[in-house]
Amino acid sequence: MVYSYQIVKFQTISFVQGTHWSQSVGEKGILYKSLKDPFSKIIVQSSNGSKKLYHVPKDRTVVVTNDTVHFLGELA
């Protein structure tokens, strides 16, 4: 399975299945780690209002810095 690197500008971000994420604060921003096998889900709403659902593989980290989300995942 191939996962592409995503950099997403957003207005709102929703972590679906909230119990499947751990949260911590690092030097680069807020870190969310995917805990669900085979993947956790994330919904990102961009500045133009469009919403996209992504699958994020287990043990991958989502980094939220200001209004940008950096993560490895694939569009659902």
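Once a new chain begins, its residue numbering starts again from 1 and follows that chain's sequence as written. Owing to the predicted nature of the model, reporting of local features is limited to residues with pLDDT of at least 70; listing and counting of side-chain atom pairs is limited to 80 or more, with chain, interface and lining totals taken over all residues. Side-chain measures here rest on the full set of heavy atoms in the structure, leaving out hydrogens and waters.

Secondary structure follows DSSP: runs of H or I at least 4 residues long count as helices, runs of E at least 2 residues long count as strands, and numbering of each begins at the N terminus. The helix and strand tally for the chain stands at 0 helices and 8 strands. Listing the helices and strands of the chain from first to last along the sequence gives β-β-β-β-β-β-β-β. Residue exposure (1.4 Å probe, protein chains only): buried if accessible area is under 20% of the type maximum, exposed if over 50%, otherwise partly exposed. The buried share of the chain, reckoned over its 76 residues, is 32%. Excluding contacts between residues fewer than 6 apart, the proportion of contacts in the chain whose partners are at least 24 apart in sequence is 50%. The contact criterion used is simple: two residues touch if any of their non-hydrogen atoms lie within 4.5 Å.

Two elements, strand S3 (residues 21-26) and strand S4 (residues 29-34), share 6 bridges in a ladder whose sense is antiparallel. Bridged to Ser24 within S4 is Leu31. Once S3 ends, the chain turns through 2 residues before running back antiparallel as S4. Only strands that DSSP links by at least two bridges are regarded as paired with each other. Judged from the 4 bridges that link them, S4 and strand S7 (residues 61-65) form a sheet pairing that is antiparallel.

Here we come to the nonpolar core. What is meant by a nonpolar core is a set of buried Ala, Val, Leu, Ile, Met, Phe, Trp, Tyr and Cys residues, joined one to another through side-chain atoms within 4.5 Å. Grouped together as the largest cluster of nonpolar side chains are 12 residues: Val8, Phe10, Trp21, Tyr32, Ile42, Val44, Tyr54, Val56, Val62, Val64, Val69 and Phe71. Secondary-structure elements contributing two or more residues to this core are strand S5 (39-45), strand S6 (51-57), S7 and strand S8 (68-75). Residues in contact with Val64, not counting those within four places in the same chain, are Phe10, Ile13, Lys28, Gly29, Ile30 and Tyr32.

Right, let's get into the confidence of the model for the chain. Per-residue confidence from the predictor is reported as pLDDT, a score between 0 and 100. Mean pLDDT for the chain: 81, with 89% of residues reaching 70 or above. Per-element confidence in the chain ranges from a low mean pLDDT of 71 for strand S1 (residues 4-9) to a high of 90 for S3.

It is worth spelling out the environment of Gln23 at this point. Take Gln23: it is sitting in strand S3. Through-space distance from the C-alpha of Gln23 to that of Val63 is 10.0 Å; in sequence the pair is 40 residues apart. Leaving out residues up to four positions away in the same chain, Gln23 has contacts with Ile30, Leu31 and Tyr32.

Centre-to-centre distance and the angle between the planes together describe a pair of aromatic rings. Ring geometry is summarised as follows: Phe, Tyr and Trp rings, the Trp one being its six-membered ring, pair when their centres sit within 6.5 Å, and such pairs are stacked at plane angles under 30 degrees, edge-to-face over 60 and tilted between the two. A full pass over the atoms with the stated rule returns 3 aromatic pairs. Look at Tyr54 and Phe71: their rings are 5.1 Å apart centre to centre, the planes differ by 75°, and that puts the pair in the edge-to-face class. One end of the pair, Tyr54, is in strand S6; the other, Phe71, is in strand S8, with 17 residues separating them in the sequence. Both residues of the pair, Tyr54 and Phe71, belong to the buried class.

Moving on, we get to the environment of Gly49. Here Gly49 shows up in the loop between S5 and S6. For Gly49, a relative accessible area of 40% corresponds to the partly exposed category. A C-alpha to C-alpha distance of 8.0 Å links Gly49 and Gln11, two positions 38 residues apart in sequence.

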